[in-house]
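# Reading the structure
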Amino acid sequence: MTTSTKKPRVSVHKFASCSGCQLAFINMGENLIKLTELVDIVHFAEAGPLGPDDEVDISFIEGSITTPHDVERLEKIREKSTFVITVGACATSGGIQALKNNADSDVWMRSIYAKPEYISSLSTSAAIKNHVKVDFELWGCPVDVKQMLAVVRQLLYGVAPLDINEKVCQECKRKNTVCIMVTKGEPCMGPVTRTGCGALCPSFGAPCYACYGPAENSNVKLLGERFIGLGLDQNVVKRKFLSIHNATPAFAEAKLLWSDTEGAQQ
Amino acid sequence: MSKVNYTSPERDIDINVPVMVRVEGEGALEFTAREGQIEKLHLKIYEPPRLFEKFLEGQQYTEVPTMAARICGICPIAYQMTSIRAIERLFGADPGPWVHDMRRVIYCGEWLQSHALHIHLLATPDFLGYDNAIAMAQDHPETVKRGMKLQGLGNDLLTLLGGRSVHPIGMRVGGFYRAPEMREVSDLIDRLEDAVEDAIGLVEWTAGLDLPLDEQAFNCVAIHNDREYGINEGLIVSTQHQQLSFDDYNQHFKEHQVKHSTAFYSTLGGESYFVGPLARVNLNFNQLPPAVRGLCRDLGLNFPSINMFDNVRARSVESYYSIVEALRILKNYQKPRSPYVDVTPRPGIARHATEAPRGMIFHQFKIDGNGRVETACMIPPTSQNQGSIESNLKNAVLKYGLENTDDDLRMLCEKIIRNYDPCISCSTHFLKLTVHRQ
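Calculation criteria
- Residues numbered from 1 in each chain as written.
- Chains lettered and ligands numbered in written order.
- Predicted model: local features only at pLDDT ≥ 70, side-chain atom pairs only at ≥ 80, totals over all residues.
- Heavy atoms only, no water.
- Domains from an automatic or database assignment.
- Contact = heavy atoms within 4.5 Å.
- Buried area = accessible area lost by both parts, 1.4 Å probe.
- Salt bridge = Lys/Arg side-chain N within 4 Å of Asp/Glu carboxyl O.
- Polar contact = N/O pair within 3.5 Å; in protein donor to acceptor, adjacent residues only side chain to side chain.
- Nonpolar A, V, L, I, M, F, W, Y, C, P; charged D, E, K, R; others polar.
- Phe/Tyr/Trp six-rings, centres within 6.5 Å; stacked < 30°, edge-to-face > 60°.
- Helix = DSSP H or I, 4+ residues; strand = E, 2+ residues; numbered from the N terminus.
- Buried < 20%, exposed > 50% of the residue type's maximum accessible area, 1.4 Å probe, protein only.
- Lys NZ or Arg CZ within 6 Å of the ring centre and 35° of its normal.
- Pairing = 2+ DSSP bridges.

When the parts of a complex come together, some accessible area is lost, and that lost area is often taken as the interface size. All names here are of chain A. Taken domain by domain, chain A holds domain 1 (9-156) and domain 2 (168-257). Here domain 1 and domain 2 have C-alpha centroids that lie 26 Å from each other. If you look at the interface, domain 1 gives 14 residues, while domain 2 gives 13 residues. For the pair domain 1 and domain 2, the summed buried area comes to about 1100 Å², and 58% of that belongs to carbon and sulfur atoms. At the boundary of domain 1 and domain 2, one finds zero salt bridges. Taken together, the links from domain 1 to domain 2 amount to six residue pairs in polar contact (both at pLDDT 80 or more). Across the side of domain 1 that touches domain 2, the residue classes break down as eight nonpolar, five polar and one charged.

Listed below in structure tokens is the structure:
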């Protein structure tokens, strides 16, 4: 990356999002001060440093692309960055707001805003990789501090970060969490969801809702059929996949698999 | 920015801060004046709209807290709690005293982390002359470390009941998915007790800061409850002695768009009003426990206060309160038979308000007989403070004088905006306005 005398330069950019993934930096506590000893943070508007157009070694990007101006900003960031890393569901898959991609967003805008003509907005919410090359993706809604620190450390040592895309189920087995789908009939998304959260929801007795996105080899069809077997309505099953990661190809398959029992009219 | 006639208040002033730093989300400051008259002065919000209220239509009531939380990563509990309570009240569910108490604990966690973050990372660098907290930490390492410790403790309170601090997963309609084990609670009690001194130190430190004076006679609005410091239940009260139930919200509060601004503005009885920590402490000081009131008295912190910058001190007072309150509840902790009650959907309008870290938040959902959402409306605190932020900027700039340099005027405006801790990511009601340039 850089010569050994110079600290790597890092920036944190935000697009359409809830700001929750930036908190993975801000919630580092004393590790944040330690991090600033290891790298130079040249742009991170929420924390203070401002240098959106500076050349950097790593750009962390939160949020999805929803306006024409976003596209220009993003292309400039890509030009100035050696590595681009997306953090969180919005940047990595378009986020929950990509639900508007399936709808008539004009109708939606008119129903929320009395004067929609003031709004400059694309009709879609897109992942960063739909517009520029992405070097590494951190999944999760939200991402976890440990994931973030691990990636920074790996890059500082010049190692390619490891992509962990196994299923939440594996994590439950390692933690000795009793399967809540098998024992309680809970419609748990664990069998199609990538781990990284520590299999949190099942350990609370709550069904996983797939906030980390699809795992490798996700069998959406069979899991959905199992949910229907548990007594869930087709439309409810479809909505379980079309949630935070609705724009991922794996989960978007749900749109074709299950009909909309109430009709799609708005 | 021309500085040629900088001492002349008649000069053309064009101050444009395209990216406001140290605020949550994306906002800009726009300020123009001609011949001694302010033409335009506001916080412009350009965070793109995310249309959450439409996503919620057709969803089962059980999905609402999870999805609504995604509006804001800094105050997810506010969104989860407000929607959960609205739905429970419509369904006629009473989760009982254990759930009531644990909900106070988790909200105390959210207040503590949000307040500590705002005080140390966002607000005080302004008053001590630093660009950011990292620079401030070089000269004030113990202060910044104490702030981060308190922020971390707030996050751990959230994690105890919520599983994680950002978008917690522990709450549900009816209560909590899981009750913490005694040993988890005991560990946290030790840490809370250890942090009491830190919190007192924080209140003392903010009391001693040389903060500017910015007096505004705004109508403060907060949730009030005679039995406890208002967080989740009570009535909406104001400085002007209004008293409203949550169900009467729509009759008195209105939202509207204005031509020159980018966000919805809320009014109460046709006028702008002020929500947030200072509004709460002003209206509910007597509900604070004796230890907290006593400390304020000893330090000469007098509430109600109309100095807007006392918002920083109100945040430190509420940080201390959050620790005292969490300790009070957790010291009597017992595992319940069940951490939640079952609920049965009923059709109707669900409404509720709670106190988010940065002020009151209101939710309303129309729900059908199958427990599905027909329409949703969520009004975040920043939308409610828009009118006051704008008046505050104008009043303060006129008082300060247009003869000051552009840099000084800009700094003043930025300080005023940051003082409200605007949460621009809560963009349900916010929209992007095309920029008008001559």
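Let's pick the thread back up.
On to the packing of aromatic side chains, then. What the rule picks out here adds up to 18 aromatic pairs over all chains. Centre to centre, the rings of A:F25 and A:F60 are 5.2 Å apart; their planes meet at 70°, and the pair counts as edge-to-face. Residue A:F25 is found in helix α1 (residues 23-26), and its partner A:F60 is found in strand β3 (residues 56-62); the two are separated by 35 residues along the sequence. Each member of the pair A:F25 and A:F60 is classed as buried. Linked through ring pairs, B:Y107, B:W111, B:Y229 and B:Y321 together constitute an aromatic cluster. Lying over the aromatic face of A:F227, A:K240 brings its terminal NZ or CZ to 5.8 Å of the ring centre. Positioned above the aromatic ring of A:F204 is the side chain of B:R178, whose terminal nitrogen or guanidinium carbon lies 4.6 Å from the ring centre.

This paragraph deals with the side chain of A:H245. All names here are of chain A. Along the polypeptide, H245 turns up in the loop between α11 (234-241) and α12 (249-257). Judged by its relative accessible area of 1%, H245 falls in the buried class. Within the local environment of H245, its side chain forms a polar contact with the backbone nitrogen of G213, the two atoms lying 3.3 Å apart. Excluding residues that lie within four positions of it along the chain, H245 makes contacts with A89, S93, W139, A210, C211, Y212, G213, P214 and F251.

Here we come to unusual backbone geometry. At the junction of A:C141 and A:P142, the peptide bond is cis and its omega measures out at 10° in the coordinates. Position of A:P142 relative to the elements: it lies in the loop between β5 (136-138) and α6 (145-156). With an omega of 0°, the peptide bond between B:F303 and B:P304 qualifies as cis. Following the sequence through the fold, B:P304 ends up in the loop between α10 (290-299) and α11 (310-331). With a phi close to 70°, A:S19 is a non-glycine residue in the positive phi region. Among the secondary structure elements, A:S19 is positioned in the loop between β1 (9-14) and α1.

All names here are of chain B. As defined by bridge partners, strand β12 (residues 359-367) adjoins strand β13 (residues 373-379) across six bridges and the pair is classed as antiparallel. Considered in β13, the bridge of F362 is made with I379. Hairpin connection of β12 to β13: five residues between the antiparallel strands, including G371 at a positive phi of 80°.

Moving on, we get to the pairing of β12(B). Residues and elements named next belong to chain B. The buried count for β12 comes to eight of nine residues, which makes it a mostly enclosed element. Summarising the sheet, strand β11 (residues 348-356) and β12 pair through nine bridges and their orientation is antiparallel. In the strand pairing of β12, H352 is matched with H363. Between β11 and β12, which follow one another and run antiparallel, lie two residues.

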